[in-house]
Amino acid sequence: VTVEGLGTSSVQGDVRFVNVLESMGCQVERSPGALTVAGPPQRLRGIDVDLCDMPDIVPTLAVIACFADGRTTIRHIGHLRLKETDRLAALGAELTKLGAGVAVRDDGLTIDPPAHPRPSRISTYQDHRMAMSFALAGLGIDGVEIEDPGCVAKSFPGFWEAWERMQTP
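Conventions and cut-offs
Residues numbered from 1 in each chain as written. Predicted model: local features only at pLDDT ≥ 70, side-chain atom pairs only at ≥ 80, totals over all residues. Heavy atoms only, no water. Helix = DSSP H or I, 4+ residues; strand = E, 2+ residues; numbered from the N terminus. Rg over C-alpha atoms; globule rule 2.2 N^0.38 Å. Contact = heavy atoms within 4.5 Å. Lys, Arg positive; Asp, Glu negative; His and termini not counted. Charge placed at Lys NZ, Arg CZ, Asp CG, Glu CD. Pairing = 2+ DSSP bridges. Core = buried A, V, L, I, M, F, W, Y, C linked by side-chain atoms within 4.5 Å. Buried < 20%, exposed > 50% of the residue type's maximum accessible area, 1.4 Å probe, protein only. Axes fitted to C-alpha atoms, helices over the stretch in contact; angles between N-to-C directions.

Caption draft 1: Geometry of the overall build of the chain. Assigned secondary structure in the chain consists of six helices and eleven strands. Relative to the 2.2 N^0.38 estimate, which gives 15 Å for 169 residues, the radius of gyration of the chain is 15 Å and therefore close to what a compact globule would have. In terms of principal-axis extent, the alpha carbons of the chain reach across some 40 × 35 × 35 Å. Within the chain, counting contacts between residues at least 6 apart in sequence, those at least 24 apart form 59% of the total. Within the chain, one finds 16 positive and 22 negative side-chain charges whose respective centroids are separated by 3 Å.

Dropping the structure here:
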């Protein structure tokens, strides 16, 4: 996936998410005006990461962790309990539906990927980031359904249309 307009010259802090993906085994190409991420040659690997300064990407990483070999621990994110919903509790509940082993702590999450992922109806808690992040689960698990998909309107009203365009070759 290439994201144009988000590159090494960006002041957007979450641009560093590619570093996290790279540590999981993804291939990353960087330029001043774009970033390209390709999946690893084998499988993703679990990581231990502090995301205090990138809280908005935690739901995405938590879902991606379901497809990694090994445990992923996300630290210093207790402030996610104060977002649109208690995102730590919400992530714990929804990842568990998929079959992941999840430990929710005061300040973080530990995720053990599911041995046998389960199709699930995912609650969004009226939280746009939950809906968009769990859309990723549907790429690897048949039968994932997102409740209240319209909640994405808060930040990206055209998300589902853009998502469909990315799925169509």
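Caption draft 2: View of the pairing of strand E8 (residues 101-105). Sheet topology note: the E8/strand E9 (residues 108-112) ladder contains five bridges and is antiparallel. Note that in E9 the partner of Arg 105 across the bridge is Gly 108. The turn linking E8 back onto E9 is made up of two residues.

Caption draft 3: Just the nonpolar core, in detail. Membership of the largest hydrophobic core comes to 48 residues, with the highest contact counts inside it found for Leu 51, Ile 74, Leu 95 and Phe 134. Where this core is concerned, the elements lending two or more residues are helix H1 (17-23), strand E3 (34-38), helix H2 (58-64), helix H3 (87-97), E9, helix H4 (128-135) and helix H6 (159-167). Sequence-distant contacts of Leu 95, defined by excluding residues within four places in its chain, comprise Ala 62, Val 63, Cys 66, Ala 100, Val 102, Ile 111 and Phe 134.

Caption draft 4: Region of the structure containing the sheet that holds E3. The three strands lie next to each other as E1-E3-E2, forming an open sheet whose pairing is antiparallel. Across the chains shown, the open sheet's two edge strands, defined by having one partner strand only, are strand E1 (2-4) and strand E2 (27-31). Here the average twist between neighbouring strands, direction ignored, is 10°. Of the strand pairs in this sheet, E1 and E3 are connected by three bridges, and their pairing is antiparallel. What sits directly across from Glu 4, in E3, is Ala 34.

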